[in-house]
Amino acid sequence: MTTITISSCQNSGKTSTSAAIDTAAMTDTLSAANNTTQSTAIPAIQTRYAGTVPCADCEGIKMVLTLVNETYSLEETYLGKSDQAIRSKGPMLIERGYEKDNDATLYILNPDSDTEKRYFVRLTTQPGKLIMLDKDQKIINSKLNYTLSEEK
């Protein structure tokens, strides 16, 4: 900016209106660029889903699944067996597309574990819902409810 001011002073001591506007525009552009490069932290996006899914030897499993960026936290309470929730957390992989729904979102909990990997899908036809999938990433074919609903 000093160079612009000096050069405008050397041009017969007059500052043109267009030079002042250009200088202000350049300052705003540089400020915006600096703010963009300085704030590279990604804000945490947290979504919480809850519901009760079927259980073979209890009244149902109350699940609370919290998704934060690329991690998850899961609480599972086996109703009729224990009031104590089983908690797990770890990394999560997010993929776009599921079967014929190109805009669906597939969530893979514990993607690096062969034994603890779990799958959920959010279909575009059911916003605000997560459907639990089987170990082969297929929707469980049952009349029972394997869906968690988003809590707001």
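The rules behind each value
Residues numbered from 1 in each chain as written. Predicted model: local features only at pLDDT ≥ 70, side-chain atom pairs only at ≥ 80, totals over all residues. Heavy atoms only, no water. Helix = DSSP H or I, 4+ residues; strand = E, 2+ residues; numbered from the N terminus. Buried < 20%, exposed > 50% of the residue type's maximum accessible area, 1.4 Å probe, protein only. Contact = heavy atoms within 4.5 Å. Areas by Shrake-Rupley, 256 points an atom, 1.4 Å probe, with all protein chains shown as cover. Polar contact = N/O pair within 3.5 Å; in protein donor to acceptor, adjacent residues only side chain to side chain. Pairing = 2+ DSSP bridges.

The name recorded for the protein chain in an unreviewed UniProt entry is Copper resistance protein NlpE N-terminal domain-containing protein, from Sphingobacterium ginsenosidimutans.

> How do you make sense of the overall build of the protein chain when you look at a structure like this?
Along the backbone of the protein chain there are two helices and eight strands. Along the protein chain, from the amino end to the carboxyl end, the secondary structure elements read α-α-β-β-β-β-β-β-β-β. Put simply, the protein chain has 152 residues, and 30% of those count as buried. Of the contacts made within the protein chain by residues no fewer than 6 positions apart, 25% connect residues no fewer than 24 positions apart. Surface exposure of the protein chain reaches about 10,700 Å², of which carbon and sulfur atoms provide 51%.

> Looking at this structure, I do not really get the side chain of Asn110. What am I missing?
If you trace the backbone, Asn110 turns up in the loop between strand E5 (101-109) and strand E6 (118-122). Of note is the side chain of Asn110, whose polar atom sits 3.2 Å from the backbone oxygen of Glu116. Not counting residues up to four positions away in its chain, the partners in contact with Asn110 are Tyr72, Gly90, Pro91, Glu116 and Lys117.

> Looking at this structure, how should I read the pairing of strand E4 (residues 86-98)?
Every regular strand shows the same layout, with side chains that alternate between the two sheet faces. For strand E3 (residues 71-79) and E4, the ladder comprises six bridges, and the chain directions are antiparallel. Looking at E4, one finds that Thr71 is bridged to Pro91. Relative to E5, E4 is paired through six bridges, and the arrangement is antiparallel. Pairing of Glu95 across the sheet is with Leu106, part of E5. Where E4 folds back on E5, the antiparallel hairpin that results is connected by two residues, among which Glu99 adopts a positive phi of roughly 45°.

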